[in-house]
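Notes for the structure review
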Amino acid sequence: MRKWFFISVGLLFLMPSLHAQFNERPILNKENEDKKFLNWGYFLGFNQYDFKFDYEENARDVLVDKTLGFNVGLIGELRINNFLDLRFEPGLHYTSRNLGFPGFDEERDAIREVKSTYINFPLLLKVSAKRFGNWKPFLIGGGSTSLNLGSNEDSLDDNSSGTFRMKKWVYNYELGFGIDFYLEYFKFTPSIRGVFALTDELVRDADPNSPWTGNIDGMRTRGLFVNFTFE
């Protein structure tokens, strides 16, 4: 709740400036902002990660309890033309998920807390519409690779010892949309983006019949990012 409070307060301070951008004949801000060949910025935001499970045989699902995490990173943008930009957005994404495995009586066996700190390396194509006064909508998408610093991939322990393991590297595709707002001193951009893993992230237990991983055919991240960009 505290995070949502600070986000709401920040948006309230920005609302008068954003409202002015939709006037019929606004004073144009940052008129040459999109003419630069290279552009730089940073982003702050929050995320909610989930897992998609595929199973070898029909069984009760593994339950995922999602939490709210945060994102922070840098932006490098290369202008292609008036409507296309190539963006590199390396960032740090922190998240935590609790997994509930069926078939156990003891909580210590049924619950696994999965804390992940991803260093994300996305290469994205931004497709923008024509600028309308001081705002411009866009679509964005591309591929990314992420390094999971909390993967436990090299651990000799597995779920029988209470350790849930994931692969260090995961490959994804990302799709989203947003709006650029040209304020007096900088460009502010709220955006929403989905991330979908292409590769299986699960490191299976030593026992092929493990009650935790034996029936899992694949485990892939999916998540939602809400970012606020300043350029």
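Source: prediction; values computed, not measured.

A look at the overall build of the chain
Within the chain, the regular secondary structure consists of two helices and ten strands. When its helices and strands are written in sequence order, the chain yields α-β-β-β-β-β-α-β-β-β-β-β. Within the chain, buried positions represent 42% of all 231 residues. Of the contacts made within the chain by residues no fewer than 6 positions apart, 70% connect residues no fewer than 24 positions apart. A total of about 13,000 Å² of accessible surface is found on the chain, and carbon and sulfur atoms cover 60% of it.

Some remarks on the packing of aromatic side chains
Counted according to the given criterion, the structure contains 13 aromatic pairs. Summarising the aromatic geometry, the rings of Phe-186 and Phe-230 are spaced 5.9 Å apart at their centres and angled 50 degrees between planes, so their arrangement reads as tilted. Highlighted residues: Phe-186 in the loop between β8 (169–182) and β9 (187–197) and Phe-230 in strand β10 (residues 216–230), separated in sequence by 44 residues. On the basis of relative accessible area, Phe-230 is assigned to the partly exposed category, the value being 22%. Within the aromatic cluster, the residues linked to one another by ring pairs are Tyr-42, Phe-186, Phe-188, Phe-228 and Phe-230. The ring of Phe-51 carries the charged tip of Arg-97 above its face, separated from the ring centre by 3.9 Å. Above the ring of Phe-138, the side-chain terminus of Lys-126 is found at 4.5 Å from the ring centroid.

With respect to the environment of Thr-145
Along the chain, Thr-145 falls in strand β7 (residues 135–148). Within the structure, the side chain of Thr-145 is placed 3.4 Å from the backbone oxygen of Val-170, a separation counted as a polar contact.

Re the nonpolar core
Leu-99, Phe-164 and Met-219 are the most contacted members of the largest nonpolar core, which totals 18 residues. Where this core is concerned, the elements lending two or more residues are β1 (38–55), β6 (111–128), β9 and β10. Apart from the residues within four sequence positions on either side, Leu-99 is in contact with Phe-51, Phe-53, Val-62, Leu-63, Val-64, Ala-110, Ile-111, Arg-112, Val-114 and Phe-164. Counting six residues, the second-largest nonpolar core is a separate cluster that includes Phe-46, Leu-183, Val-226 and Phe-228.

Remarks on the environment of Leu-147
Inspection of the secondary structure puts Leu-147 in strand β7. For the pair Leu-147 and Ile-119, spaced 28 residues apart in sequence, the C-alpha separation works out to 5.1 Å. If we skip the residues at most four places from it in the chain, Leu-147 touches Thr-117, Tyr-118, Ile-119, Lys-168 and Trp-169.

Side note on the pairing of strand β5 (residues 91–100)
Of all ten residues in β5, seven are buried; the element is thus mostly enclosed. With four bridges connecting them, strand β2 (residues 63–66) and β5 associate as antiparallel partners. What sits directly across from Leu-63, in β5, is Gly-100. Bridge analysis of strand β3 (residues 69–79) against β5 gives four bridges, and the strand direction is antiparallel. Note on β5: the bridge partner recorded for Phe-70 is Tyr-94. Looking at chain direction, β5 and β6 are connected through ten bridges and run antiparallel. Following the sheet pairing, Asn-98 is matched in β6 by Glu-113.

With respect to the layout of surface pockets
The computed volume of the largest pocket comes to approximately 370 Å³. Taken together, 21 residues form the lining of the largest pocket, with Asp-34, Lys-35, Asn-82, Arg-131 and Lys-136 sitting closest to its centre. Of all the elements in the fold, those that place two or more residues in the lining of the largest pocket are β3 and β6.

Side note on the pattern of salt bridges
Applying the stated criterion to the full structure yields 17 salt bridges. A salt bridge links Arg-87 to Glu-77; its shortest N-O distance comes to 2.4 Å. Here the residue Arg-87 occupies a position in strand β4 (residues 84–88), and Glu-77 occupies one in strand β3, the gap between them amounting to ten residues. Per residue, the accessibility class of Arg-87 equals that of Glu-77, and both read buried. With a shortest N-O distance of 2.9 Å, Glu-89 and Arg-87 are connected by a salt bridge. We note that Glu-89, like Arg-87, is buried.

How each quantity is defined
Residue positions within a chain follow its written sequence, with the count starting from 1. Reporting in this predicted model follows two pLDDT cut-offs: at least 70 for local features of residues, and 80 or more for side-chain atom pairs to be given and counted; totals over whole chains, interfaces and linings ignore these cut-offs and use all residues. Excluded from the side-chain calculations are hydrogens and water; all other atoms, namely the structure's heavy atoms, are used. For the purposes of this entry, the term helix denotes a DSSP run of H or I that reaches at least four residues, the term strand denotes a run of E that reaches at least two, and both are numbered from the N terminus. Throughout, exposure labels follow a simple rule: accessible area from a 1.4 Å probe, protein chains only, divided by the maximum for the residue type, with under 20% read as buried, over 50% as exposed, and the rest as partly exposed. Between two residues, a contact is recorded if the distance between any of their heavy atoms is within 4.5 Å. Accessible surface area values rest on a Shrake-Rupley calculation with a 1.4 Å probe, where residue burial reflects the displayed protein chains alone. Here the aromatic set is Phe, Tyr and Trp, taking the six-membered ring for Trp, and pairing holds for ring centres within 6.5 Å; pairs whose planes are under 30 degrees apart are stacked, those over 60 apart are edge-to-face, and all others are tilted. Charge over a ring is defined by NZ of Lys or CZ of Arg lying within 6 Å of the ring centre and within 35 degrees of the ring normal. Definition of a polar contact: a pair of N or O atoms within 3.5 Å, with one able to donate and the other able to accept a hydrogen when the atoms are protein atoms, and with sequence-neighbouring residues admitted only if both atoms are side-chain atoms. The term nonpolar core refers to a set of buried residues drawn from Ala, Val, Leu, Ile, Met, Phe, Trp, Tyr and Cys, joined through side-chain atoms within 4.5 Å. A pair of strands counts as paired when DSSP detects no fewer than two bridges linking them. In the cavity and pocket records, a cavity denotes points on a 1 Å grid over the protein atoms alone where a 1.4 Å probe fits but cannot get out, a pocket denotes an open set with protein on both sides within 12 Å along at least 5 of 7 lines, and lining residues are residues with an atom within 4 Å of a point. Grid points are joined across faces, edges and corners, and a volume is the space filled by probe spheres set on the points. The salt bridge definition used is simple: a Lys or Arg side-chain nitrogen within 4 Å of an Asp or Glu carboxyl oxygen.

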